[in-house]
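# Report on the structure
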Amino acid sequence: MNSSTNQVYSVIWHNNSVSLIDQTRLPSEYTFVEISRCEDMAQAIKTMIVRGAPAIGVAAAYGMYLGAREIETGDRDEFLNHLEKVAELLRSTRPTAVNLFWAISRMMRTAYETLGTIEEIKQTLLQTAQAINIEDLQTCHAIGDNGLAVLPKTPAQLTILTHCNAGALATAGYGTALGVVRSAFREGRLARLFADETRPRLQGARLTAWECVQEGIPVTVITDSMAAHCMKQGLIDVVIVGADRIAANGDTANKIGTYSLALVAKAHNIPFFVAAPLSTVDFSLSDGSRIPIEERNSEEIYKIGNTILTASGVEFYNPAFDVTPSKLITSIVTEHGVFSPEELIKYQEKKVA
Ligand code: MRU
């Protein structure tokens, strides 16, 4: 966090290394981890010191540079071969967020397309990682402001429900879903944010609520199982969530629990928005059934801190994401405007033509 403002930056290039906010320790400790080797970056992504699809992309881009700078050869082919191994290591960290793969591919393309000495390629890789970082911040501000246009006009001040953390911590800054919330707050359109606690990693309770408190955004934390009841009571006007991967037809993978939220929003006639950069759209997948879903350690379910919650002998299933069918999604808010799920593919086809 910059001391003169209350802005949060999850990934910072600083003194020839990367400072990551340690998101496993928030909100009780606001600390940074210094990363100067690609192996440590891979571990930080796996263990969720850094998390959230766009933030993982930015972190992996710097991880590519950290790996590149350690390659000691003057031979271009040998350098590129080694760099492919760095890319492989970083790709193996988390399977669902497509921004990770997008950023690594962009870094690899940069390496292949840069002519000149190995030293020059390394410098171009650093510049590209920094560009990815800055672009993501700009993208989030654009998403936040584009989201304002689709918010219902009444009531004048809205209560928004979100799931997980799609905020500054999950991006280069400002956030996607939380970016829309921030813009709404700035414009006087936000009455209150409801944040699902988001079992099992509690990103809503720990991270989204923390971000809101930093900026005085009114926030109420509920458990995931309370969302339907709150909607029935008329407490929620809009739902806005982030995304880890959006298929070409608009089906959206996001934190586990998002699908059930979309179903209950539909049942209560409440608009359900997804806010994400276009780098989260995987146009190579026709629909969401082909999105790889990460399964994480069962310890995330049976343990809170040092307390074990369940009897031994129990089995667990811990999918970290689910896929919300596009028919439950009102619109997708991106940095290039707001699309219905069907319009996404048309936009891409027009861009490619
Ligand atoms: O497992 P996480 O915490 O990385 O999951 C994060 C989410 O599901 C976010 O909603 C998503 O990545 C969008 S972040 C702008």
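Small disclaimer: the values here were computed from a predicted structure and weren't measured.

### Here's the deal with the UniProt feature "binding site: substrate" (unreviewed entry) in the protein
Within this numbering scheme, the UniProt entry marks Arg51, Gly52, Ala53, Arg94, Gln203, Asn254 and Lys255 as carrying the feature "binding site: substrate" (unreviewed entry). From the set just named, the residues that line the largest cavity comprise Arg51, Gly52, Ala53, Arg94, Gln203, Asn254 and Lys255. Following the sequence through the fold, Gly52 ends up in the loop between α1 (38–46) and α2 (53–69). Secondary-structure assignment places Asn254 in strand β9 (residues 252–255). Of the residues examined, Asn254 reaches a relative accessible area of 5% and is grouped as buried.

### Quick notes on the site of the ligand
Every one of the 18 residues lining the ligand counts as a neighbour, but Arg51, Arg94, Asp244, Asn254 and Lys255 are closest to it. Contacts to the ligand include Arg94, whose side-chain N or O atom sits 2.8 Å from an oxygen atom. Asn254 is positioned such that a nitrogen or oxygen atom in its side chain is 2.6 Å from an oxygen atom of the ligand. Its atoms largely coinciding with the cavity grid, the ligand occupies the largest cavity. At the level of secondary structure, the elements contributing two or more residues to the shell around the ligand comprise α2 and β9. Here the residues of the shell around the ligand are counted per class, giving eight nonpolar, six polar and four charged. When residues of the shell around the ligand are sorted by domain, at least three fall in each of domain 1 (11–139) and domain 2 (153–352).

### A look at the pairing of strand β6 (residues 219–222)
It is a general feature of regular strands that their side chains alternate between the two faces of the sheet. The sheet contact formed by strand β5 (residues 190–196) and β6 spans four bridges and is parallel. Across the sheet, Ala195 pairs through a bridge with Val221, a residue of β6. In terms of handedness, the path from β5 via helix α7 (residues 203–215) over to β6 forms a crossover that is right-handed.

Thresholds applied
Residues numbered from 1 in each chain as written. Predicted model: local features only at pLDDT ≥ 70, side-chain atom pairs only at ≥ 80, totals over all residues. Heavy atoms only, no water. UniProt positions renumbered as here; feature names shortened; annotations may be inferred. 1 Å grid on protein atoms, 1.4 Å probe; cavity = no way out; pocket = protein on both sides within 12 Å on 5 of 7 lines; lining within 4 Å. Helix = DSSP H or I, 4+ residues; strand = E, 2+ residues; numbered from the N terminus. Buried < 20%, exposed > 50% of the residue type's maximum accessible area, 1.4 Å probe, protein only. Near = heavy atom within 4 Å. Polar contact = N/O pair within 3.5 Å; in protein donor to acceptor, adjacent residues only side chain to side chain. Sits in = over half its atoms within 2 Å of the grid points. Nonpolar A, V, L, I, M, F, W, Y, C, P; charged D, E, K, R; others polar. Domains from an automatic or database assignment. Pairing = 2+ DSSP bridges. Right-handed = clockwise from strand over helix to strand, strands pointing away.

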